[in-house]
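# Summary of the model geometry
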Amino acid sequence: MGKGFFNVPVAINEPVKSYAPGSPERDAVLKTYNTMWNSQIDVPMYINGNHITTGNTKTMSAPHDHQHVVGTYHLAEKSHVEEAISTALAARSEWAELPWEQRAGIFLKAAELIAGPYRAKINAATMIAQSKTVHQAEIDASCELIDFLRFNVQFMTDIYHEQPDSTSDAWNRLEYRPLEGFVYAVTPFNFTAIAANLPACMAMMGNVVVWKPSDSQIFSAKIIMDVFEEAGVPPGVINVVFGDPVMITDTVMDSPDFSGLHFTGSTYIFKELWKKIGNNIHNYKTYPRIVGETGGKDFIVAHKSANPKQVATAIIRGSFEFQGQKCSAASRAYIPSNIWDEVKSQVIEDVKSFKMGSPADLNNYITAVIHEGSFDKLAKFIDQAKADNDAEIIVGGNYDKSKGYFIEPTVIVASDPKYTTMCTELFGPVITIYVYDENKFSETLKLVDETSEYALTGAILSTDRYAIQEATKALQNCAGNFYINDKPTGAVVGQQPFGGARASGTNDKAGSALNLLRWVSPRMIKETFVTPTDYRYPFLGE
Ligand code: NAD
């Protein structure tokens, strides 16, 4: 920092626009959607500020209309990944030395670009690439991403302000250095905001990055790169490569300069990457930081005192928005017998009222799941539930991939609390409910704790404070984000820092200073003003 202790703008959450009929934002996003839908883009890789095309391409389609091509992207050879690494390392010293306020300026500008001129584009691209409804696109690609960028700038300065005490004869200073080497971001399909934040927050702290987005999110990742370019991220600071994830990861992790992994995605893949890092540990110049936010089997527990309408609404919103493809989406619920009939009839009624189809039709609440692999997996579990004696589908259960990957929102009721869909992450619009004896609340809490390997999000609904306290205590290791009388989704940056433990991740809380701290290596500097000239301490005297 140069010549002043600069204050950054106070971060406030970006207001969510309504997209109500007649609103200007609705017109803008639909117009942009149509333009994007009716043209084709060619997405290059970004290495050292250059747009790299290889001629080896794949097409991109929307999950809700898989035969409609909206563009192509270019696949990396190993040499491109090596180039991304070497250009990142070449950019490192200038970027790491840049005063923090210059870095802050870039990312605050990126936030403002998304809030304004890029809002319709990034939302429309997310509607097309990930089949999000306009509301889901708005709260992800616009609001959450803007919040990540603005709040992280504020958290960065909070971190820099954390300084040790000093005395009159010695001044102690903590310098928050970026990691030595380069860092690697691997991002999932489901949130445009996460895709942008993982590389951006590391770069904000002075690191240089190789970023590999999900194949299913490249169409909206292109808009992120457009924003970063316009905001002035210098060449080489964030390099983007597409293609074979194993080849890219192996090349990255074979480099002795690899110094950190920022991953969001499934648990199995994260564990595989962790193993690779472990196998290479003797080759690295520094111990790589490993941050991963991974799978979940998120729960709703209702107490016998809960309001059935509130429970049903928490299930509906918590399980089915964005087709259940939020890592926080409720996918198992424990409902007491006394309120089950009422909860059941409202859940069935609500599910039957959903409209399903393209996100371009703003009447639709449900659209398609991300790809054929996900569709086939979900269809298999639904078929199994139809066949199994210990499971019953009470609503939904149909699927159709002739045009898009459409899975009807499905509610399974399991008589066995350890039924397969009570334990396995399906990542789709399917929730499994276990109805428990209303007088066995404590036993049920134990069941919730023991049923899944994950610990991401969970919710308790109750009007009884003793029950709320009991659940809060009994479930303390079952969720990194725990909700009382709410659905378990919808974490807001700056309000509910997000992340889970157990098999759900390293719990480094995206959207908080805790996460940013993983991307710095503090250097302690002690400066002594009057340096001793005699080794003898007073106690050695006569
Ligand atoms: P995924 O694991 O399939 O892919 C994530 C990323 O890993 C992608 O970029 C993918 O290309 C890459 N990848 C896949 N195989 C790889 C390999 N062998 N080596 C290296 N990289 C590889 O996950 P997804 O389907 O994109 O996202 C859904 C998953 O992400 C769910 O499990 C969900 O719970 C999780 N998720 C968690 C959070 C969280 O905060 N905990 C947030 C979003 C998503």
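Residues numbered from 1 in each chain as written. Predicted model: local features only at pLDDT ≥ 70, side-chain atom pairs only at ≥ 80, totals over all residues. Heavy atoms only, no water.

Summed over the entire model, instances satisfying the criterion amount to 19 salt bridges. In this structure, the salt-bridge partner of E527 is R173, at a minimum N-O distance of 3.1 Å. Linking E527 in strand β23 (residues 520–528) with R173 in strand β6 (residues 170–178), this pair joins segments that are 354 residues apart in sequence. Taking the relative accessible area as the measure of exposure, E527 reaches 32% and is therefore partly exposed. Put simply, D534 and R536 hold a salt bridge, and the shortest N to O gap is 3.0 Å. (Salt bridge = Lys/Arg side-chain N within 4 Å of Asp/Glu carboxyl O. Helix = DSSP H or I, 4+ residues; strand = E, 2+ residues; numbered from the N terminus. Buried < 20%, exposed > 50% of the residue type's maximum accessible area, 1.4 Å probe, protein only.)

This part is about the layout of surface pockets. Estimated volume of the largest pocket: approximately 1200 Å³. Contributing to the lining of the largest pocket are 49 residues, with P188, F189, S214, S216 and H371 lying nearest its centre. Within the residue set of the lining of the largest pocket, elements represented by two or more residues are β4 (57–62), β5 (65–74), α4 (119–130), α7 (218–231), α8 (245–253), β10 (258–264), α9 (267–279) and α12 (372–387). For the lining of the largest pocket, the element with the most residues is β4, which contributes five residues. (1 Å grid on protein atoms, 1.4 Å probe; cavity = no way out; pocket = protein on both sides within 12 Å on 5 of 7 lines; lining within 4 Å. Points joined across faces, edges and corners; volume = space filled by probe spheres on them.)

Residue placement: Q136 occurs in helix α5 (residues 134–161). Within the structure, the side chain of Q136 is placed 2.9 Å from the side chain of K326, a separation counted as a polar contact. With residues near it in sequence (within four places) discarded, Q136 still touches E321, F322 and K326. (Polar contact = N/O pair within 3.5 Å; in protein donor to acceptor, adjacent residues only side chain to side chain. Contact = heavy atoms within 4.5 Å.)

For the rest of this paragraph, the subject is the packing of aromatic side chains. Evaluated as defined, the whole model comprises 19 aromatic pairs. Taken together, a centroid distance of 5.6 Å and an interplanar angle of 15 degrees make the contact between Y33 and W37 stacked. Taken together, the residues span about one helical turn, with Y33 and W37 both in helix α1 (residues 24–37) at a distance of four residues. For Y33, a relative accessible area of 2% translates into the label buried. Here a set of aromatic residues connected by ring pairs shows up, and it is made of F6, W100, Y160 and Y176. The lysine or arginine in question, K132, covers the ring of F191, its NZ or CZ lying 3.9 Å from the ring centre. Across the ring face of F381, the terminal group of K380 is positioned such that the distance to the ring centre comes to 4.9 Å. (Phe/Tyr/Trp six-rings, centres within 6.5 Å; stacked < 30°, edge-to-face > 60°. Lys NZ or Arg CZ within 6 Å of the ring centre and 35° of its normal.)

Now for the domain arrangement of the chain. One can read the domain layout of the chain as domain 1 (24–56 + 70–294 + 505–526) and domain 2 (298–484). Domain 1 and domain 2 are separated by 32 Å when their C-alpha centres are compared. Taken residue by residue, the interface counts 20 residues in domain 1 and 22 residues in domain 2. Both sides together, the interface formed by domain 1 and domain 2 hides about 1700 Å², and carbon and sulfur atoms give 64% of it. Three residues stand out in domain 1 for area buried against domain 2, namely S131, Q136 and F189, and they jointly supply 27% of the buried area on that side. Where domain 1 touches domain 2, the interface holds zero salt bridges. Counting across the domain 1 and domain 2 interface gives six residue pairs in polar contact (both at pLDDT 80 or more). Within the residue set of the side of domain 1 that touches domain 2, elements represented by two or more residues are α1, α4, α5 and α9. For the side of domain 1 that touches domain 2, the class distribution of residues is eight nonpolar, eight polar and four charged. (Domains from an automatic or database assignment. Buried area = accessible area lost by both parts, 1.4 Å probe. Nonpolar A, V, L, I, M, F, W, Y, C, P; charged D, E, K, R; others polar.)

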